[in-house]
Amino acid sequence: MTVAEFFGCSFLAFGPPVAMFALTIAHDPIRIIILIAASFFWLVSLLLSSTVWLAVYPISPQLTFGLICSVFIQEAFRFLMYKVLRKTETGLQEVTDIVRISDYRHILSYSSGLGFGIISGAFSLVNILADSVGPATVGLKAGSNVFMLTSAAQSLAMILLHTFWGVIFFHAVDVKNYYHVGYVVASHLFVSCITLLNTQQLFGVTLSVSYLVLAITGTIAYQVVGGTATSFRKFVTCK
């Protein structure tokens, strides 16, 4: 049962992101490089967040403070990633397929966001997956027997959210739409803080809110890249 739970949670959390990578990133070496670079930027933000946490913990050992600091640091590194890509996009476009500059910018932001999301999801779930193979059984000593399942679903939501946040954030900075920049930061902070309810085993509330924000954010990202109701209808009907 533990092995089945390991594979089930792994496929739930990383199945869609891996499919997105295989279908939209893997065929282009430039996109792979951007995804890896974005993953590195997120890792550096995690290192900086950990440093801040270690510095503040002896004074105020509050998880909420560390969480808030981590969100702002991640968004600062997202902006840094944006600046790096905008400085290099001319050279990148010369060595990749010829596409419109607006479409190419969306591709860069998508690749960066997916890189942020995959590494974020990996770090949030890897220890849980390691524990899921046993030898203990989840649910003993009044623990929730759906903890690992909900953790995998939450990781999937965060991976997809980071992808959408990347698209929205990059476009918002390009066009100076500070409302969208504020939405990215605020929604990231909100979803991250709402996960604190998991300490009270309110998994249903956490997941419901996270996926509601995911639906809203995905809709905004779709509109940002030029999607419309008509184009979506044509996609669904394969026209």
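Owing to the predicted nature of the structure, the values given are computational and were not obtained by experimental measurement.

**Q** What is the right way to read the overall build of the protein from this model?
**A** Along its length, the protein carries eight helices and zero strands. In the protein, the succession of helices and strands from N to C terminus is α-α-α-α-α-α-α-α. Across the 239 residues of the protein, 41% fall into the buried class. Considering only residue pairs separated by 6 or more positions, the protein has 76% of its internal contacts joining residues 24 or more positions apart. Accessible surface, the protein: about 12,800 Å² in total, of which carbon and sulfur atoms supply 72%.

**Q** Explain the pattern of salt bridges here, please?
**A** Where charged atoms of side chains with opposite charge meet at close range, the side chains can pair. Inspection of the entire model under this criterion finds three salt bridges. Ionic pairing is found between E75 and R78, a salt bridge with its closest N-O pair at 2.9 Å. Of the two residues, E75 and R78 are both situated in helix α3 (residues 63-94); the distance of three residues between them amounts to about one turn of the helix. R78 shares its class with E75; the two are buried. In this structure, the salt-bridge partner of D174 is R86, at a minimum N-O distance of 2.7 Å. Placement of the pair is D174 in helix α5 (residues 147-175) and R86 in helix α3, with a sequence separation of 88 residues. Given a relative accessible area of 25%, D174 falls into the partly exposed group.

**Q** Looking at this model, I keep getting lost on the packing of aromatic side chains. Mind explaining?
**A** Here a ring pair, both rings aromatic, is described through the centre-centre distance and the interplanar angle of the planes. Counting across every chain of the model gives seven aromatic pairs. Ring geometry for F41 and F77: centres 6.5 Å apart, planes at 75°, overall edge-to-face. With F41 in helix α2 (residues 29-56) and F77 in helix α3, this pair connects stretches of sequence that are 36 residues apart. Judged by its relative accessible area of 15%, F41 falls in the buried class.

So, how was this worked out
Residues numbered from 1 in each chain as written. Predicted model: local features only at pLDDT ≥ 70, side-chain atom pairs only at ≥ 80, totals over all residues. Heavy atoms only, no water. Helix = DSSP H or I, 4+ residues; strand = E, 2+ residues; numbered from the N terminus. Buried < 20%, exposed > 50% of the residue type's maximum accessible area, 1.4 Å probe, protein only. Contact = heavy atoms within 4.5 Å. Areas by Shrake-Rupley, 256 points an atom, 1.4 Å probe, with all protein chains shown as cover. Salt bridge = Lys/Arg side-chain N within 4 Å of Asp/Glu carboxyl O. Phe/Tyr/Trp six-rings, centres within 6.5 Å; stacked < 30°, edge-to-face > 60°.

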